[in-house]
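Examination of the molecular architecture
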Amino acid sequence: LFTMGSMTQMKIGDKIIEGKTKIVYALPDDPANVYIVSKDRITAGDGARANDLEGKAVISTATATAVFNLLTSAGIKNHFVRQHEDKSFIAQRCEMIPIEWVTRRLATGSFLKRNVGVKEGYRFSPPKLETFFKDDENHDPQWSYEQLVEAKLKAGDRVIGRDEVEIMSRTTVAVFEVLEKAWATQNCTLVDMKIEFGVNTKGEIVLADLIDSDSWRLWPSGDRRLMKDKQVYRELKEVTAEALDTVKRNFQWVAERVKLLETKPSAQVVVLMGSASDMEQGQKINKGCQGLGIPCDVRVSSAHKGTQETIRILREYEGEGIPCVFIAIAGRSNGLGPVLSGNTAYPVINCPPVKADWGAQDIWSSLRLPSGLGCTTVLSPDAAVLAAAQILSLSDHMIWSRLRCKQLYTYLGLLESDKDVRKDK
């Protein structure tokens, strides 16, 4: 079987598995990946309620593609490779781990039934994490941490132990928080969502399966009455053509708005160096900003020798009217950071290039400042980038998301290193 993508013909192999809403095919010429096709089918209650819904496959694929593109941009490891056709996409071949990971911000749905006395809308801070073993016949029973670890599930070459559970737990909450921040920009509350993981051919645990309107509860303006998710279908007293059309319109509404979640940068960093000799430090900061998707300009201006030009450059960037952080690189008698700080309400960070000969003396010009100045001082370019990014993340959810994921994978890297040296691995 062959299928035509946007540019190339692709050979489709045997069916690997068929679920309620999708089919997964092998790719003979690309064994590390698979071909996933969505179906015009909607189900609820472990398949107890099921209906054909023309157009759902296209809508689900569009939604999933936008979600995975956003998560990839943020830095979440996932199985998505690229969209192929309007109902299909290419993904890494994974052996799925049969656990649903559910993150909740507000109490609703099955949580209320299992926790009598909790009112709908109770807010979980931090988000509530629950796990359910995938077993339709037994209605996906909830599992505890201890059950997850003791079950010793196997996927690929990995046995699911405490380290693997920790990887998935941490990643699940990060995925939720990234999407929660993104949906908040559209005045929508992400109430809860479920995801799954798999082990790819490299042995990595990655976010897998499909993420679409079947995966979450979404309340525009935080109002349950306006919900746009599959809960509308679940609560239908009678499934009619008109009711199904309403469900489809809701899904289409989500598919259109999910494309707006991954925004272009709306903030910037400006690096001002006291001289061209500071270029190495400036380029390190520029590279770090690029890694977080933050536009960065590098300029040369001496506050001692060209005060008026320094102020002119400052006003140039203030006039652009977008969030901006200034990073001043000046070592000997640093007047650049203090002059900037004394003439703008924008944040200023000193990052002096400290050198061995006079560093101990020079640093005081960045640390001991006149009253009324609020510029902070860090010593490493990486720290300057992170400090600027944290400031800008208050108004840009994509920068926040990249920081969140950077912190996640720093921690998970340490976890993997610890596993490598532990005796009980």
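It should be emphasised that the depicted structure is a prediction, and the values quoted were computed from it without experimental measurement. (Residues numbered from 1 in each chain as written. Predicted model: local features only at pLDDT ≥ 70, side-chain atom pairs only at ≥ 80, totals over all residues. Heavy atoms only, no water.)

What to know about the pattern of salt bridges
Side chains bearing opposite charge may pair, as long as their charged atoms lie close to each other. For the coordinates displayed, the defined rule picks out 32 salt bridges. Notably, a salt bridge pairs Lys134 with Glu100, separated by 3.7 Å at the nearest N-O pair. Here the residue Lys134 occupies a position in the loop between strand 12 (123-133) and strand 13 (142-143), and Glu100 occupies one in strand 11 (residues 99-106), the gap between them amounting to 34 residues. Measuring nitrogen to oxygen at the nearest pair gives 2.6 Å for the salt bridge that ties Glu235 to Arg224. On the criterion of sequence distance, the pair formed by Glu235 in the loop between helix 5 (231-234) and helix 6 (241-258) and Arg224 in the loop between strand 18 (216-220) and helix 5 is long-range, its members being 11 residues apart. Judged by relative accessible area, Glu235 falls into the partly exposed class, the value being 37%. Residues joined in a network through salt bridges with shared partners are Arg104, Arg114, Glu130, Asp192 and Arg217. (Salt bridge = Lys/Arg side-chain N within 4 Å of Asp/Glu carboxyl O. Helix = DSSP H or I, 4+ residues; strand = E, 2+ residues; numbered from the N terminus. Buried < 20%, exposed > 50% of the residue type's maximum accessible area, 1.4 Å probe, protein only.)

With respect to the sheet that holds strand 20 (residues 296-300)
Spatially, 5 strands are ordered 20-19-21-22-23 in an open sheet, and the strand pairing comes out parallel. Both outer strands of the open sheet, strand 20 and strand 23 (376-377), are each paired with one neighbouring strand and no more. One ladder, built from 2 bridges, connects strand 22 (residues 348-350) with strand 23; its direction is parallel. Counterpart to Asn350 in the pairing with strand 23 is Thr377. Across the sheet, helix 8 (residues 307-318) lies against strand 19 (268-273), strand 20 and strand 21 (324-329), angled at about 165 degrees from strand 20, the strand it touches most. (Pairing = 2+ DSSP bridges. Contact = heavy atoms within 4.5 Å. Axes fitted to C-alpha atoms, helices over the stretch in contact; angles between N-to-C directions.)

Thoughts on the pairing of strand 21
On a regular strand, each side chain points to the face opposite its neighbour's, so the side chains alternate between the two faces of the sheet. Within strand 21, 6 of the 6 residues are buried, leaving the element largely enclosed by the surrounding structure. In strand 21, alternate side chains face the same way, and those of Cys324, Phe326 and Ala328 on one face and Val325, Ile327 and Ile329 on the other are all buried. Pairing analysis gives 6 bridges linking strand 19 to strand 21, with the strands arranged parallel. Bridging across to strand 21, Val271 finds its partner in Ile327.

Here's the deal with the packing of helix 7 (residues 279-291) against helix 12 (residues 381-392)
Running from amino to carboxyl end, helix 7 crosses helix 12 at an angle of 45 degrees, the nearest separation of the two axes being 9 Å. Of the possible angle classes, the one that applies to helix 7 and helix 12 is oblique. For the crossing formed where helix 7 meets helix 12, the hand is right-handed. Taken together, the residues of helix 12 that come into contact with helix 7 (itself represented by Gln281, Lys284, Ile285, Gly288 and Cys289) are Pro381, Ala384 and Val385. A per-class count over the contact of helix 7 with helix 12 returns 5 nonpolar, 2 polar and 1 charged. (Parallel < 35°, antiparallel > 145°, perpendicular 65-115°, else oblique. Left-handed = near helix turned anticlockwise from the far one by under 90°. Nonpolar A, V, L, I, M, F, W, Y, C, P; charged D, E, K, R; others polar.)

Notes on the environment of Tyr145
With respect to the secondary-structure elements, Tyr145 resides in helix 3 (residues 145-151). In this structure the C-alpha to C-alpha distance between Tyr145 and Asp30, which are 115 residues apart in sequence, comes to 36 Å. For Tyr145, the residues in contact, after removing those within four places along its chain, are Arg162 and Val165.

Focus on the packing of helix 1 (residues 56-74) against helix 4 (residues 162-184)
Contact pair helix 1 / helix 4: the axes reach a minimum separation of 11 Å and the direction vectors enclose 110 degrees. In this view, helix 1 runs roughly perpendicular relative to helix 4, as classed from their interaxial angle. You can see that helix 1 and helix 4 cross each other, and the crossing is right-handed. In this structure, helix 1 contributes Val67, Leu70, Leu71 and Ala74 to the contact, and helix 4 contributes Val175, Val178, Leu179 and Ala182. In the contact of helix 1 with helix 4, the residues fall into 8 nonpolar, no polar and no charged.

Focus: the nonpolar core
Membership of the largest hydrophobic core comes to 55 residues, with the highest contact counts inside it found for Leu71, Leu179, Trp183, Met193, Leu207, Ile211 and Trp216. Top contributing element to this core by residue count: helix 4, with 10 residues. With sequence-adjacent residues up to four places away left out, Trp183 is seen in contact with Cys188, Leu190, Trp216, Leu218, Val254, Arg257, Val258 and Leu261. Judged by nonpolar contacts, the second largest core, of 22 residues, contains Val325, Ile327, Val378 and Ile399. (Core = buried A, V, L, I, M, F, W, Y, C linked by side-chain atoms within 4.5 Å.)

Looking at unusual backbone geometry
Look at the link from Ser125 to Pro126: it is a cis peptide, with omega at 5 degrees. Relative to the assigned elements, Pro126 resides in strand 12. The phi torsion at His139 lies on the positive side, around 60 degrees, for a residue other than glycine. Tracing the sequence through the fold places His139 in the loop between strand 12 and strand 13. Located in the positive-phi region is Asp140, a residue other than glycine, with phi close to 50 degrees. The residue Asp140 is located in the loop between strand 12 and strand 13 in this model. You can call Asp140 buried: its relative accessible area is 14%.

Let's talk about the sheet that holds strand 8 (residues 80-85)
Each strand in a sheet pairs with its neighbour through backbone hydrogen bonds, running either in the same direction (parallel) or in the opposite one (antiparallel). Here we have 5 strands laid out as an open sheet, ordered 3-4-5-9-8, and antiparallel in their pairing. The sheet is open, and its two edges are formed by strand 3 (15-18) and strand 8, each paired on a single side. Each adjacent strand pair in this sheet contributes to an overall mean axis angle of 25 degrees, direction not counted. Pairing of strand 8 with strand 9 (residues 88-92) involves 4 bridges; the strand directions are antiparallel. Looking at the pairing, Arg82 lines up with Ile90 of strand 9. In the packing of helix 1 onto the sheet, contacts are made with strand 5 (33-38), strand 8 and strand 9, and the angle to strand 8 comes to roughly 150 degrees.

Everything listed here is a matter of coordinates, which is why it stays silent on function.
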